[in-house]
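Inside the fold
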Amino acid sequence: MSTRIPRDTPMLDQLESGPWPSFVAGLKRLAKDNDMMVDLLGQLETSYETRKGYWKGGTVGVFGYGGGIIPRFTELKDENGKPLFPEAAEFHTLRVQPPAGMHYTSDLLRKLCDVWVDNGGSGLIAFHGQSGDIMFQGVSSENVQAVFNGLNEIGFDLGGAGPALRTSMSCVGSARCEMSCFDEARALRTVINNNLDDMHRPSLPYKFKFKFSGCPNDCVNAIQRSDMATIGTWRDNIRVDEKLVQDYYRVHGMHDLYNDVVGRCPTKAVTVVVSDQVAANPHLSVAQLGDGNALCIDNKNCVRCMHCLNVIPGGLLPGKDRGVSILVGGKGVLKIGATMGSVIIPFMKLETDEDFAKLNELARNILDFFAENALDHERTGEMIERIGLANFLEGMNIPVDPNMISQPRSNPYFRSDDWDEQAAKWVEHKQQKAA
Ligand code: SF4
C-alpha cells in the first residue's frame, strides 16, 4: 500500500476518458502501492496545470560508464527548497539495450521486472523508447547502481546517451519474417559489440546510430533514422510461389490484381499478359494465374520497393542472391532539413565470417571518420553535406559508383551544364593523385 496521500488529478483523469488505453491508468495502477508513482502523478498534474515541465538534468552514472542514465531531478520545490513531491524528486531513467530484433522470452521479461522493482525502481518500463532502448523510468540516485548491477547479472547492458554511439536496432528478422535478406541480429551484434567503447564513454562530436533492416520494407526506419543503415536486398529475380499467387488471384480477382499490384508498381515492372505471349527472358519472374493469363515481373526494372511482395505475401518473395545495401547520413530532422541516407555500397554479400568482418571494418572506418571530421553537434549527414560525398568516399577509400544515389532520378538524363568537364577534371585529379 502506498503511504502518500494522492493529490487530485482532474486533468490527467481526462486522458483516461478516450477510447484508447491510457498511460494514466497504468500510472494509477502502480500508484496503489508505490509512493514514487503517487508523487509522479502529482508532479505531472502540476505540469499539465501550469503547462511547464519541471525536470532538470544533472550528473548521475554507474561505475565505468560515461552515459546510459538520463538524470531527472524535480524543480518543484516549496519556499524552503524542499521538493513538493519528495518521493519522485529523483526520477532517473536507465537506457538499456534490448536484444537484437527485440526477441524476449516471457521468463526474461519477468526477470527484468523483478530486478527493476526489487532494487528500488518505480515499476515503470517503456518497451521501447524512441532510441530503441528499454527505458526503465524512475529510480533515485542511490539505487541506480543496484538496478544496473541486477540488469547486468541477467545479461543486459546500458545503451547510449549523449554524444556517443547510440543503441542500435534491428528488425524482427529472419526468425519471423520471410522477407529477411541477411542475418540482422548477427550484423547488429557484430558491429555494436566491436564498438561498445564509443557507446559507454561518449567522446564523439555528436550522436551516431547504426540500424539494420532485413529488407527494403525497412521496418526500423534505418534509411531515415540512422547514420549508417544496413538494409537487406537481392540482385537476382523475385521468387514466385505460383500456388500462393493463384490463391491471391482466386480471392481478389483481376480487379484487385490490377489496382493493387500492377497499377502500384512505381516502375511499371509488373504486368499481366496472356500466358502464351510471355517472352522468354531470363530477367522475368512469371506466375501463371490459371485462367490463361500470367503475372510477369521485369526484374531489370524493379527498384525493390517491396510493394508487390507485401500485397501477395509468400506468393512473391525476395530472390536467392541476397545481400545488403549500405547507406549513410540519414536523420529525421537536421539543421539542413530531413535527410535520407545516401547509398555508398549498392550491394555486398553478408553471409560468411569475412563478409561480417568487412561490414564491421566499414562501420569502424565510418565512425572514425565521423569522430575526426565532424564539427561539434553535427550529424553524419550534415558532415557529408558540408564536405561533399566525393570527399567522404575518398576518405573511406570507396570508389565512386553510379548507383550511389541520394534519390531516384526524376528528370530526363540530359545535362546542359558543364558536368562532363567537371567529371573529366575529377578523373584527372584522381590520376594525378595515383601517380
Ligand atoms: Fe515493382 Fe519491384 Fe516494387 Fe514489385 S518490388 S512493385 S516489381 S518495383
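I will try to describe carefully the structure that is included in this document. Source: prediction; values computed, not measured.

Calculation rules
Residues numbered from 1 in each chain as written. Predicted model: local features only at pLDDT ≥ 70, side-chain atom pairs only at ≥ 80, totals over all residues. Heavy atoms only, no water. Helix = DSSP H or I, 4+ residues; strand = E, 2+ residues; numbered from the N terminus. Buried < 20%, exposed > 50% of the residue type's maximum accessible area, 1.4 Å probe, protein only. Contact = heavy atoms within 4.5 Å. Areas by Shrake-Rupley, 256 points an atom, 1.4 Å probe, with all protein chains shown as cover. 1 Å grid on protein atoms, 1.4 Å probe; cavity = no way out; pocket = protein on both sides within 12 Å on 5 of 7 lines; lining within 4 Å. Points joined across faces, edges and corners; volume = space filled by probe spheres on them. Nonpolar A, V, L, I, M, F, W, Y, C, P; charged D, E, K, R; others polar. Near = heavy atom within 4 Å. Sits in = over half its atoms within 2 Å of the grid points. Pairing = 2+ DSSP bridges. Axes fitted to C-alpha atoms, helices over the stretch in contact; angles between N-to-C directions.

**Re the overall build of the chain**
- A tally of helices and strands in the chain yields 14 helices and 16 strands.
- Principal axes of the C-alpha set define a box for the chain whose edges measure 85 × 65 × 40 Å.
- Across the 435 residues in the chain, those meeting the buried criterion constitute 44%.
- Of the contacts formed within the chain by residues at least 6 apart in sequence, a portion of 65% connects residues at least 24 apart.
- By element, 51% of the accessible surface of the chain is carried by carbon and sulfur atoms, the whole surface being about 22700 Å².

**Here's the deal with empty space enclosed by the protein**
- Tallying each qualifying case throughout the model produces one cavity of 30 Å³ or more.
- Counted as a void, the largest cavity has a volume near 110 Å³.
- In this structure, the largest cavity is lined by 16 residues; those nearest its centre are Cys 265, Val 270, Cys 302, Cys 305 and Cys 308.
- In terms of residue count, the dominant contributor to the lining of the largest cavity is helix 10 (residues 307-311) (three residues).
- Considered class by class, the residues forming the lining of the largest cavity number 13 nonpolar, two polar and one charged.

**Focus: the site of the ligand**
- Taken together, 13 residues lie near the ligand, and Cys 265, Cys 302, Cys 305, Met 306 and Cys 308 sit nearest.
- When each cavity is represented as a set of grid points, the ligand is found to reside in the largest cavity.
- Here the residues of the shell around the ligand sort into 10 nonpolar, two polar and one charged.

**Regarding the sheet that holds strand 12 (residues 284-288)**
- Reading across from one edge, 11-13-12 is the order of the three strands in this open sheet, with antiparallel pairing throughout. The open sheet has two edge strands, strand 11 (270-274) and strand 12, and neither has a second partner. This sheet shows a mean twist of 25° between the axes of neighbouring strands, independent of strand direction.
- In the sheet, strand 12 pairs with strand 13 (residues 293-298) via five bridges, with the strands oriented antiparallel.

**Observations regarding the sheet that holds strand 4 (residues 92-96)**
- In spatial order, the strands read 2-4-6-5; together these four strands make up an open sheet with antiparallel pairing. Every interior strand has two partners, whereas the edge strands, strand 2 (69-70) and strand 5 (124-127), have only one.
- Where strand 2 lies against strand 4, two bridges are found, and the strand directions are antiparallel. Along strand 4, the bridge assignment pairs Ile 69 with Leu 94.

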